[in-house]
Amino acid sequence: MRRIHVIDSHTGGEPTRIIVQGGPDPGPCDLAQRREVFRQQFDHVRRSVICEPRGSDILVGGLLCPPLDPACTAGVIFFNNTGFLNMCGHGMIGLMVTLAWLGRIGPGVHHIETPVGIVTATLLDSHRVAVRNVPSWRYLRDVTVPVSGYGVVRGDVAWGGNWFFIVSEHDKELSLSRWKTLSEFTGSIRQALESAGLTGADGSPIDHIELSGPPVDSRADSRNFVLCPGGAYDRSPCGTGTSARIACLAADGLLSPGQIWRQESITGSVFEATAERTDNVNGHPAVVPTITGSAWITGDLQLIFEPSDPYQA
């Protein structure tokens, strides 16, 4: 009988499940290569940890890995119900709170290896974390795409650790009660992008769709609705989505270095974000975002895999 030790948490309402013991060993290569080994040889572990009957479509997982760089505290490979992620902002916050829960780190600055580079995360207290993300930038501005049933939709293509199509001009009410309508709309946008052959700069699919609108809380600057690759919507303000959004704001001169942007999620949780100018990426202005949010532990458990269970994977 196999057992996998996981720690569950949520960041602004969005759940994270970190494998801390009993998971696969992808070898001593860098994180991008380890992710490919995980994908090719151990995808059954991803499915069994994240999908039903142990998980759900909204759950994001992470495999805790020893880092190659001795200056780093840990490495992590994030994944969800359909595959593997480049980075995950809410998941990074959840990882830091998990490491603190396990007694492996204390307050202060820590470096975490990911498949897209080293991320600096500062544990501010037992719940609050500031994540200095990878350089983020806008690739395409004011892209139009015909969306079946909705007409022409306009948005920006931006990188924040994952590829996003960010739509600010729409007639949708960004309220939790409208989640099904918003999911159908953003799902149609993603299908339209695929049909039109629109991708990120490296040919990767634009697998996150983000709607922006006015906040409900007057202390926030905007509210978003983010459709994730697996078809679920993000309960948090989405760390990589917030990074992509403030990269667009900075490129338009609407966000000054050090200015705080408060991003509200569809559930009302808030991330605070700032942007620091950095070198251009592929000829486009780029920023290094810092996303601050809070996470709480929700479970410390053993997942059990009985050999006789036909649905164990």
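Reading the values: the criteria
Residues numbered from 1 in each chain as written. Predicted model: local features only at pLDDT ≥ 70, side-chain atom pairs only at ≥ 80, totals over all residues. Heavy atoms only, no water. Helix = DSSP H or I, 4+ residues; strand = E, 2+ residues; numbered from the N terminus. Rg over C-alpha atoms; globule rule 2.2 N^0.38 Å. Buried < 20%, exposed > 50% of the residue type's maximum accessible area, 1.4 Å probe, protein only. Contact = heavy atoms within 4.5 Å. Phe/Tyr/Trp six-rings, centres within 6.5 Å; stacked < 30°, edge-to-face > 60°. Lys NZ or Arg CZ within 6 Å of the ring centre and 35° of its normal. Polar contact = N/O pair within 3.5 Å; in protein donor to acceptor, adjacent residues only side chain to side chain. Disulfide = S-S within 2.5 Å. Expected span 1.5 Å × (residues − 1). Salt bridge = Lys/Arg side-chain N within 4 Å of Asp/Glu carboxyl O. Arc of directions from axis to C-beta. Axes fitted to C-alpha atoms, helices over the stretch in contact; angles between N-to-C directions. Parallel < 35°, antiparallel > 145°, perpendicular 65-115°, else oblique. Pairing = 2+ DSSP bridges.

*Asks:* Explain the overall build of the protein to me, please; I cannot follow it from the model alone.
*Replies:* Across its full length, the protein holds five helices and 15 strands. The globule rule puts the C-alpha radius of gyration for 313 residues at 20 Å, and the 19 Å found for the protein is close to it. A buried classification covers 53% of the 313 residues belonging to the protein. Long-range pairs, those at least 24 residues apart, make up 62% of the contacts in the protein between residues at least 6 apart in sequence.

*Asks:* Before we go on, may I ask you to explain the packing of aromatic side chains in this structure?
*Replies:* Geometry of an aromatic ring pair is reported as the spacing of the ring centres plus the angle between the planes. A full pass over the atoms with the stated rule returns 10 aromatic pairs. With centroids separated by 4.9 Å and ring planes inclined at 65°, the aromatic side chains of Phe38 and Phe84 adopt a geometry described as edge-to-face. On the criterion of sequence distance, the pair formed by Phe38 in helix α1 (residues 31-41) and Phe84 in the loop between β4 (74-79) and α3 (89-101) is long-range, its members being 46 residues apart. Residue Phe38 shares its accessibility class with Phe84, and that shared class is buried. Every member of this aromatic cluster is reached through a ring pair, and the members are Trp137, Tyr139, Trp159 and Trp163. The aromatic ring of Phe185 is capped on one face by Lys172, whose charged end is 4.8 Å from the ring centroid. One Lys or Arg, Arg235, reaches over the ring of Tyr233 and ends 3.9 Å from the middle of that ring.

*Asks:* Whenever I open this one, the side chain of Asn224 confuses me. Can you help?
*Replies:* If you trace the backbone, Asn224 turns up in strand β12 (residues 222-227). Of note is the side chain of Asn224, whose polar atom sits 2.8 Å from the backbone oxygen of Pro237. Other than its neighbours up to four places away in sequence, Asn224 contacts Leu174, Glu210, Leu211, Ser236, Pro237, Thr242, Gln263, Glu264, Ser265 and Ile266.

*Asks:* Just to check I follow, could you spell out the state of the cysteines for this structure?
*Replies:* Disulfide: a covalent bond connecting the sulfur atoms of a pair of cysteines. Per the counting criterion, the structure on display carries zero disulfides. Cys65 supplies the cysteine sulfur nearest to Cys29, a cysteine that is in no disulfide, at a spacing of 9.3 Å. For the unlinked cysteine Cys238, the closest cysteine sulfur is that of Cys228, found at 6.0 Å.

*Asks:* Looking at this model, I keep getting lost on α3. Mind explaining?
*Replies:* In an α-helix, one turn spans 3.6 residues; hence positions three or four apart end up facing the same way. Helix length check: α3 (13 residues) gives 19 Å between terminal C-alpha atoms against 18 Å at 1.5 Å per residue, within 8%. Counting buried positions over the 13 residues of α3 gives 11, a clear majority of the element. Of the residues making up α3, those classed as buried are Gly89, His90, Gly91, Met92, Ile93, Gly94, Leu95, Met96, Val97, Thr98 and Leu99. Phi turns positive, to about 80°, at Gly103, one or two residues after α3.

*Asks:* Sorry, what's going on with the pattern of salt bridges here?
*Replies:* It is possible for side chains of opposite charge to pair when their charged atoms get near one another. One pass over the full model with this rule turns up 14 salt bridges. In this structure, the salt-bridge partner of Asp8 is Arg17, at a minimum N-O distance of 2.8 Å. Taking the relative accessible area as the measure of exposure, Asp8 reaches 12% and is therefore buried. Note that Glu276 and Arg132 form a salt bridge whose closest N and O atoms lie 3.1 Å from each other. On the criterion of sequence distance, the pair formed by Glu276 in strand β14 (residues 270-281) and Arg132 in strand β7 (residues 128-132) is long-range, its members being 144 residues apart.

*Asks:* What exactly am I supposed to notice about α1 here?
*Replies:* All buried positions along α1 are accounted for by Leu31, Arg34, Arg35 and Phe38. The buried side chains of α1 occupy one side of the element, clustering within an arc of 105° when seen end-on. Opposite the buried face of α1, by more than 90 degrees, sit the exposed residues Gln40 and Gln41. By the N-cap criterion, in which a side-chain oxygen at the helix start approaches the backbone nitrogen of a residue two or three places on, α1 is capped by Asp30, the distance to Ala32 being 3.1 Å.

*Asks:* I would appreciate a short explanation of the packing of α1 against helix α2 (residues 43-50) in the present structure.
*Replies:* A packed helix pair is summarised by two numbers, namely the angle formed by the two axes and the spacing between the axes. In contact at an axis separation of 5 Å, α1 and α2 are set at 80° when each is read in the N-to-C sense. Regarding the angle of α1 to α2, the classification is roughly perpendicular. For the pair α1 and α2, contact is made by Phe38, Arg39 and Gln41 and by Asp43, His44, Val45 and Arg46, respectively.

*Asks:* Please clarify how the pairing of strand β8 (residues 136-147) should be interpreted in this entry.
*Replies:* Across a regular strand the side chains alternate sides, sitting on one face of the sheet and then on the other. In the sheet, β8 pairs with strand β15 (residues 284-305) via two bridges, with the strands oriented antiparallel. Counted as the bridge partner of Ser136 is Val287 from β15. When β8 meets strand β9 (residues 151-159), the two strands line up antiparallel, connected through eight bridges. Considered in β9, the bridge of Val147 is made with Gly151.

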